[in-house]
Amino acid sequence: MRYVLLIALREYAENVKTKGFWIGLFLFPILILAGINVPRFLEEHATPTRYFLVLDRSGEAAEVIRRATDEHQERRIYEACLEYVEKHPSERALELARSAAGDEERTRAMLEQLPGDLAELKARMEEWKEAGFRAFRAAGGHEAFLAAAEAQGFLAPDRPPFELPPRRFVQLDRVPGLDPQAPPEELVAEIKRRMKAEEGFEFDGKPVELFAVVVVPEGVFDPNGGARVEFWTKNLADDDLRDLVRNALDEELRRRGFAAAGVDQDEIRRIQALTVDLAAKDPTKKAGEEEASKSDIVRQWAPAGFVYLLWIALMSVVQMLLNNTIEEKSNRIVEVLLSSVTPGELMAGKLFGIAAVGLTMLLAWVATLIGILQWQAGPGSEIPALLLDVIRSSGLILPFLGYFVAAYLLYSGIFLAIGSVCNTLKEAQNFMGPVMLIMMVPLLTMMFIPREPNGVLATVLSWIPLYTPFVMMNRFASPDLPTFDLVGTSVLLAVSVVVMIWLTGKIFRIAVLRTGQPPKLLEMLRWLRARD
Amino acid sequence: MSDLAPALVLAGVTKRFGDFTAVDDLSLEVPKGSISGFLGPNGAGKTTTIRMVLDIIRPTSGRISILGRPSALEVRDRIGYLPEEKGLYKKMKAAATIAYFASLKGLDRRRARRRAYELLERYGLKDFAEARTEALSKGMQQKVQVLASIAHEPEFVVLDEPFSGLDPVNQEVMEQVIRDMSAAGSTIIFSTHVMAHAERICDRIVLIAKGRKMFDGTIPEAKALMPRRVLVEGGDGLAALAELPAVAAARPPAAGDGAWEFQLREGADPQDLLQACFERGVRLRRFDRREPDLHEVFVHLVGPEAKEAAFR
């Protein structure tokens, strides 16, 4: 046992020292953080201001589009204001937030009130946001908003000044050097030439490039439709402006249509806001609580995340095991080791050592995951908070670690056997192909299982020991996981682990001292049959 | 277990791999405290024998007793082993490597560490104690490995080709390591292709070819297997000495060397030859008994067909 421990300690110490381990350790939180923040950052900073020209023959469309881009900008200011207040809160504001957050009853009540259906929830949130925006506008925009926040004492005294977000879209009525009264064909031809040549022009003292030209014909708002608006741009990928223009024109067209039909403006707005209240209910829950909450949905999908984590962690540690075994074998270190310890002790030491490396990595990941979610969770980003709540309350961590250990022992058997029969990594690659194919299955099925956690696919896969850890982890999403499945697969898994380790031991003992060509499969089968 | 019991006994040990017989009915005894050389051409079965001695592989038949036990694993803490193909953990530091292997031999970790530094200092690698082994030269790596195999001060040391890959200076260091261990009371067996090392440091040699033992004994005993030779240089009449009953064969002087070489029959005394010279009034300028070296014994015993293999 002492020797097993010594070997395990070395494996642990040496693997934890490798660059790969640390890269893996840090890459994960960095990826998560990036996943949360990069889209937000890109949205805010990486998209340049788009200058576009509207050649309006209708005499009305330019104004409609201008209103739409102005409103778009006002919304951005509104969001920037919210973020500003959130980022620079005063002590008093923090105190208020703490007391509200500490009030678990209230939080729970709020969460329960959230609709269960994601689409429904999204619609509801849009509504709130819309209402907030209307109030913001009515109050007089960002200056009034910030003055009010200041008056309430919600803002930290040492905050940086508020910066207006740059406009995304700037609408031009004419491009310098072009006569707007010229015939449209001529104008368009000239502008197309300029855009092709990437010829810029001066605007506000800065050289800018024309992003798009919107050519609006006469009669665009003819209630019978049929007018064709042209949107010229070299950049077809960024369709924000195109959508904005189209929506603005559509809305105006419809509004006029309704008006022509004699429908009242307020009535239109009311009708447009109508939705069906579709509540997702769960029959397994107690009466009164059947409404599936948002956290139920997260709960259903969280295991898929864990499956992914399990898979990545497993792949990285069994790879370590394979590399180490091959290193010892190709360097003939194994001979010295075997003059000191038995093959069984060597194998056990390696298994435990690498298992400890894997667990360290996983615990670090789970800890950083919770840490990051806690850090990112705040007003305005309730998904991290919900995830956190689910991770804490669902009890997924323990089965996760348990399944990791089981999966590790099972797969490490395969990888140790491969490592012990191969002399180089290159030789091992030949064996790895089929093993990788086998290992891909849980990843490929991961997204389907939560939809039908007790379906045929899930049930069949969970009875295959190689897939049990992944699929069962996935099936934890189901609120009524059959106990028979849970216990039965666990027992089968445990038995398989024991058998696998025993078989690997046999192969390992013989193969690890062998040199030359890797053995044929038939030969390995003979080893399994052989007695000591 | 008395002190006089041999450290290692092999009795009728045979190892077959499939149809191939690597070691064939090998029996030998290694006395305690001796330095024994395992000599033989490549593929003779030296490494297989050594692996069986260490119980890394099991013999097909026959009996092995090491330090009084049937399996080396029972006394593994008292045995040190350097395998033929040398290798180390590339990313591990030299001192840590030695300490690790010593701790696997039962030394507690702190003592193992101290011992590692001590050995590295004694054999000139002090400055490399904290270097990763992959950064060391091949010779240094090999030294580290040798030190790793003996750091726990084993009673019984098995070195498979300890000299291969070392430059002459480090070969001498290696010889010194072996002598130091012997002086400390260890029993040492090592295999080698280089006869000079065996001749300088071995008490006994075991000669193996094609899995069979060809010879087992002390170096003087080995040399006694070769016919004695005498080099004689002098006046006329030396050619007639070839007719003497004591002389088995004679070789006339080669160009540049004026001496006749006479090979004596077994049991004959060079004295007889000298006396014959006096009786015949031959004026002698030189009369040398020529000791055979181990190289010649080796070639004599394992045959010229092994020569190429052994010295390539």
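Each remark here, short or long, concerns the structure printed above.
Residues numbered from 1 in each chain as written. Chains lettered and ligands numbered in written order. Predicted model: local features only at pLDDT ≥ 70, side-chain atom pairs only at ≥ 80, totals over all residues. Heavy atoms only, no water.

Engineer: For this particular structure, what's the right way to read the overall build of chain B?
Structural biologist: Scanning chain B from terminus to terminus reveals ten helices and 13 strands. Looking at chain B as a whole, 52% of its 312 residues are labelled buried. In chain B, the proportion of contacts linking residues at least 24 apart, taken out of those at least 6 apart, comes to 67%. Summed over its atoms, the accessible surface of chain B is roughly 14700 Å², and 48% of this surface lies on carbon and sulfur atoms. (Helix = DSSP H or I, 4+ residues; strand = E, 2+ residues; numbered from the N terminus. Buried < 20%, exposed > 50% of the residue type's maximum accessible area, 1.4 Å probe, protein only. Contact = heavy atoms within 4.5 Å. Areas by Shrake-Rupley, 256 points an atom, 1.4 Å probe, with all protein chains shown as cover.)

Engineer: What am I meant to see in the overall build of chain A here?
Structural biologist: Within chain A, the secondary structure is distributed over 20 helices and six strands. With 532 residues in all, chain A has 42% of them scored as buried. Taking as baseline every contact in chain A between residues at least 6 positions apart, the subset at least 24 positions apart corresponds to 75%. With an accessible surface of roughly 28600 Å², chain A has 61% of that area assigned to carbon and sulfur atoms.

Engineer: Would you mind showing me how to read the sheet that holds strand E2 (residues 20-30) of chain B here?
Structural biologist: Neighbouring strands of a sheet are bound in pairs by backbone hydrogen bonds; such pairs are parallel or else antiparallel. Residues and elements named next belong to chain B. An order of E2-E1-E4 is seen for the three strands of this open sheet, with the pairing classed as antiparallel. Edge positions in the sheet fall to E2 and strand E4 (61-66), since each of these pairs with one other strand and no more. Recorded for the sheet is a direction-independent mean angle of 20° between the axes of neighbouring strands. Bridge count between strand E1 (residues 8-17) and E2: seven bridges; the pairing is antiparallel. Bridge assignment links Leu-8 to a residue of E2, and that residue is Val-30. The sheet contacts of helix H1 (residues 46-53) involve E1, E2 and E4, and relative to E1 the element is tilted by about 120°. (Pairing = 2+ DSSP bridges. Axes fitted to C-alpha atoms, helices over the stretch in contact; angles between N-to-C directions.)

Engineer: Looking at this structure, how should I read unusual backbone geometry?
Structural biologist: It is generally the case that most residues other than glycine have a negative phi and that most peptide bonds are trans. All names here are of chain B. The phi angle at Asp-55 is positive, at roughly 60°, despite the residue not being glycine. One can find Asp-55 in the loop between H1 and E4. Judged by its relative accessible area of 12%, Asp-55 is buried. A positive phi angle, close to 50°, is found at Glu-153, a residue other than glycine. As for its position among the elements, Glu-153 is in the loop between helix H4 (138-150) and strand E6 (156-160).

Engineer: Would you mind showing me how to read the packing of aromatic side chains here?
Structural biologist: In this description, an aromatic ring pair is defined by two values, namely the gap between the centres and the angle between the planes. In total, this model carries 15 aromatic pairs over all chains according to the counting rule given. An aromatic cluster is built from A:Tyr78, A:Phe133, A:Phe136 and A:Phe145, whose rings are joined through pairwise contacts. One residue, A:Arg10, lies across the ring of B:Tyr89, its end atom 3.4 Å from the ring centre. (Phe/Tyr/Trp six-rings, centres within 6.5 Å; stacked < 30°, edge-to-face > 60°. Lys NZ or Arg CZ within 6 Å of the ring centre and 35° of its normal.)

Engineer: Help me understand the sheet that holds strand E12 (residues 260-264) of chain B, please; the structure alone is not making it clear to me.
Structural biologist: All names here are of chain B. Strand order in the open sheet formed by four strands is E11-E12-E10-E13, with antiparallel pairing between adjacent strands. The sheet terminates laterally at strand E11 (247-251) and strand E13 (284-290), the two strands that pair on one side only. Going across the sheet, the axis of each strand differs from the next one's by a mean of 20°, ignoring polarity. Of the strands in this sheet, strand E10 (229-234), E11, E12 and E13 touch helix H8 (residues 270-279), which is tilted by about 170° from E13.

Engineer: What am I meant to see in the interface of chain A and chain B here?
Structural biologist: When the parts of a complex come together, some accessible area is lost, and that lost area is often taken as the interface size. Across the boundary between the two partners, chain A contributes 22 residues, which contact 25 residues of chain B. Here chain A packs against chain B, burying approximately 2400 Å² in sum over the two surfaces, 57% of which is carbon and sulfur. Counting the surface chain A buries against chain B, the share from its top three residues, A:Arg10, A:Glu335 and A:Ser339, is 23%. Counting across the chain A and chain B interface gives two salt bridges. (Buried area = accessible area lost by both parts, 1.4 Å probe. Salt bridge = Lys/Arg side-chain N within 4 Å of Asp/Glu carboxyl O.)

Engineer: What is the right way to read the pattern of salt bridges from this model?
Structural biologist: Any two side chains of opposite charge can pair, given that their charged atoms come close. For the structure shown, the criterion picks out 32 salt bridges over all chains. Among the ionic pairs, B:Lys223 bridges to B:Glu199, the shortest N-O distance being 2.7 Å. Remark: B:Glu199 occurs in helix H6 (residues 195-201) and B:Lys223 occurs in helix H7 (residues 219-224); sequence separation between them is 24 residues. By relative accessible area, which is 17% here, B:Lys223 ends up buried. A single salt-bridge network, built from bridges that share partners, covers A:Glu60, A:Arg67, A:Glu252, A:Arg255 and A:Arg256.

Engineer: Please clarify how the pairing of E6(B) should be interpreted in this entry.
Structural biologist: On any regular strand, side chains alternate: one points to one face of the sheet, the next to the other face. Residues and elements named next belong to chain B. Judged by how many residues are buried, E6 sits mostly within the fold: five of five residues are covered. On E6, burial covers both faces: Phe-156, Val-158 and Asp-160 on one face and Val-157 and Leu-159 on the other are all buried. Two elements, strand E5 (residues 79-82) and E6, share four bridges in a ladder whose sense is parallel. Within the sheet, the bridge partner assigned to Ile-79 lies in E6 and is Phe-156.

Engineer: What is the right way to look at the nonpolar core in this model?
Structural biologist: Soluble, globular proteins show a tendency: their nonpolar side chains are buried together. Judged by nonpolar contacts, the single largest core of 171 residues is most densely connected at A:Tyr408 and B:Leu8. Top element by residues in this core is helix H11 (residues 294-330) of chain A. It accounts for 16 residues. Dropping the residues within four chain positions of it, A:Tyr408 is found in contact with A:Leu314, A:Val317, A:Val318, A:Leu321, A:Lys350, A:Leu351, A:Ile354 and A:Ala355. In terms of nonpolar packing, the next biggest core, distinct from the first, is built from 19 residues, A:Phe52, A:Ala61, A:Val64 and A:Leu241 among them. (Core = buried A, V, L, I, M, F, W, Y, C linked by side-chain atoms within 4.5 Å.)

Engineer: How do you make sense of a nonpolar patch on the surface when you look at a structure like this?
Structural biologist: A grouping of A:Val487, A:Val491, A:Val495 and A:Val499 is seen on the molecular surface, where their side chains present a nonpolar patch of about 320 Å² in accessible area. Position of A:Val491 relative to the elements: it lies in helix H19 (residues 483-511). (Patch = residues over 30% accessible without salt bridge, like charges linked within 9 Å, V, L, I, M, F, W, Y side chains within 5 Å.)

Engineer: Before we go on, may I ask you to explain the side chain of A:Thr468 in this structure?
Structural biologist: All names here are of chain A. Mapping Thr-468 onto the fold places it in helix H18 (residues 468-475). With relative accessibility at 0%, the residue Thr-468 sits in the buried group. Apart from residues lying up to four places away in sequence, Thr-468 is in contact with Leu-461, Ser-462, Trp-463, Met-473, Thr-489 and Leu-493.

Shape is all these values report; function is a separate question.
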